[in-house]
Amino acid sequence: MGRVSGKVAFITGAARGQGRAHAVRLAEEGADIIAIDLCEDVPEMTYPGGTEEDLAKTGRLVEKTGRRVVTRKADVRSLDQLQSAVDAGVAELGRLDVVVANAGVLTAVGPFDRMSEAAFMDTIDINLTGVWRTVRVAMPHLRASGGAGSIILISSSAGLRASRQTSHYVASKTGVVGLMKAMALELGPEMIRVNSVHPTQVDTPMIHNEFMYRRARPDLENPGRDDLAAASLSRMAMPVPWVDPVEISHAVVFLASEESRYVTGLAMTVDAGISIA
């Protein structure tokens, strides 16, 4: 315990799923948390977005660890909303040491030449440009804290390996890798580290919804969770269909801590071997 004691972490997409898990694990290890989320649906998403109640629950879970938390409703597509959120969080918590750019969506999938412009552009604007905006608004506070900061960009196995009918998602998550490497080069002289994390499928609403079940098993009338699991197993090097959000959070804690003080520019997989299968 206490691997990030005294640090403050800014986490996007924190209402549920991976973002909530990152917030709670970092808090368990001693960090105070600035947690933001859109708390709305995104057009052409195949599953409902998080809610303000979800974000409030994340706040309560952080507080149960004994750490402080600031929650704000904010959209990573808005530089002004992000700036207001991080400024308010730092004003209350005193500093900023860690950024976890986690917010991401998967809009309707399909052949790239039949995908709507809105589905493609919203995915890029949230998953890639939203990451840039998140880090941009955080930089003055990271520098002001005067220590060795850590920036963690949540990408995907799709950032390392392409898949059919997800060109928007693959483009956004691959772009995160390039952004990470460029930022790592620019910020290395300041001892601010930048790394990306690449999960396989994670047990969240992004994969557990009717649309994804039917996409995995179009031959079944009413496919469900078990049917997705059976289809997913064939893609993995290890015999698991997906991983729990906290498994990704363990990697986030490592990259946020001083244990990784000389790790930068790393694309770290937590993917049950899907990127090599």
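What you see is a predicted model, and the numbers here were worked out from it, not measured in a lab.

With that settled, the discussion passes to the overall build of the protein chain. The helix and strand tally for the protein chain stands at eight helices and seven strands. Relative to its length of 277 residues, the protein chain is compact, with a C-alpha radius of gyration of 18 Å against a globular reference of 19 Å. Across its three principal directions, the C-alpha atoms of the protein chain cover 55 × 35 × 35 Å. Among the 277 residues that make up the protein chain, the fraction classed as buried is 54%.

Bringing helix 7 (residues 225–233) into the picture now. Residues spaced three or four apart along an α-helix point in a common direction, a consequence of the helix completing one turn every 3.6 residues. Taken residue by residue, helix 7 has Leu228, Ala229 and Ser232 as its buried positions. The buried side chains of helix 7 occupy one side of the element, clustering within an arc of 105° when seen end-on. Those residues of helix 7 hidden inside the fold are in contact with helix 6 (210–216).

For the rest of this paragraph, the subject is the nonpolar core. Counting 46 residues, the largest nonpolar core has Phe10, Leu96, Ile151, Leu153 and Val194 as its most contacted members. Looking at this core, the elements with two or more residues in it are strand 1 (8–11), strand 2 (32–37), helix 3 (79–93), strand 4 (98–101), helix 4 (117–145), strand 5 (150–154) and helix 5 (167–187). When neighbours within four sequence positions are excluded, Ile151 is seen to be in contact with Val99, Val135, Met139, Leu142, Leu187, Ile192, Arg193, Val194 and Asn195. Core analysis: the next-biggest nonpolar cluster, separate from the first, contains 29 residues, Ala14, Ile33, Leu55 and Ile154 among them.

Ordered in space as 3-2-1-4-5-6-7, the seven strands form an open sheet in which the pairing is parallel. At either margin of the open sheet sits one strand with a lone partner, and together these are strand 3 (69–73) and strand 7 (267–270). On average, each strand axis in the sheet is inclined to that of its neighbour by 15°, with strand direction left out of account. Where strand 6 (residues 193–199) lies against strand 7, four bridges are found, and the strand directions are parallel. Paired with Ser196 across the bridge in strand 7 is Ala267. On top of the sheet, helix 3 reaches strand 1, strand 2 and strand 3; it is set at about 160° to strand 2, its chief contact. Contacts between helix 8 (residues 245–256) and the sheet are confined to strand 4, strand 5, strand 6 and strand 7, with strand 6 contributing the most and set at about 170° to the helix.

Once that is clear, we can look at the packing of helix 1 (residues 17–28) against helix 8. Viewed as axis vectors pointing N to C, helix 1 and helix 8 meet at an angle of 50°, and their least axial separation amounts to 8 Å. Classified by the interaxial angle, the pair formed by helix 1 and helix 8 is oblique. Of the two possible hands of crossing, helix 1 and helix 8 adopt the one that is right-handed. Residue-level inspection shows Gly17, Gln18, Ala21, His22, Arg25 and Leu26 of helix 1 in contact with helix 8, the latter providing Pro245, Val246, Ile248, Ser249, His250, Val252, Val253 and Ala256. For the contact of helix 1 with helix 8, the residue count by class is eight nonpolar, five polar and one charged.

Let us look at the domain arrangement of the protein chain. When the domains of the protein chain are assigned, the result is domain 1 (8–206 + 245–270) and domain 2 (208–241). At the boundary of domain 1 with domain 2, total buried surface from both sides reaches about 940 Å², with 44% on carbon and sulfur atoms. Linking domain 1 to domain 2 there are one salt bridge. Between Asp203 and Arg225 there is a salt bridge whose closest N-O contact spans 2.7 Å.

For Glu44, which is not glycine, the phi torsion reads 70° and is therefore positive. Overall, the relative accessible area of 35% leaves Glu44 in the partly exposed class.

Quick look at helix 3 now. The first and last C-alpha atoms of helix 3 sit 21 Å apart over 15 residues, in line with the 21 Å expected at 1.5 Å per residue. Against strand 1, strand 2, strand 3 and helix 4 lie the buried residues of helix 3. Positive phi shows up at Gly94, right after helix 3, with a value of about 100°.

Criteria and cut-off values
- Residues numbered from 1 in each chain as written.
- Predicted model: local features only at pLDDT ≥ 70, side-chain atom pairs only at ≥ 80, totals over all residues.
- Heavy atoms only, no water.
- Helix = DSSP H or I, 4+ residues; strand = E, 2+ residues; numbered from the N terminus.
- Rg over C-alpha atoms; globule rule 2.2 N^0.38 Å.
- Buried < 20%, exposed > 50% of the residue type's maximum accessible area, 1.4 Å probe, protein only.
- Arc of directions from axis to C-beta.
- Contact = heavy atoms within 4.5 Å.
- Core = buried A, V, L, I, M, F, W, Y, C linked by side-chain atoms within 4.5 Å.
- Pairing = 2+ DSSP bridges.
- Axes fitted to C-alpha atoms, helices over the stretch in contact; angles between N-to-C directions.
- Parallel < 35°, antiparallel > 145°, perpendicular 65-115°, else oblique.
- Left-handed = near helix turned anticlockwise from the far one by under 90°.
- Nonpolar A, V, L, I, M, F, W, Y, C, P; charged D, E, K, R; others polar.
- Domains from an automatic or database assignment.
- Buried area = accessible area lost by both parts, 1.4 Å probe.
- Salt bridge = Lys/Arg side-chain N within 4 Å of Asp/Glu carboxyl O.
- Expected span 1.5 Å × (residues − 1).

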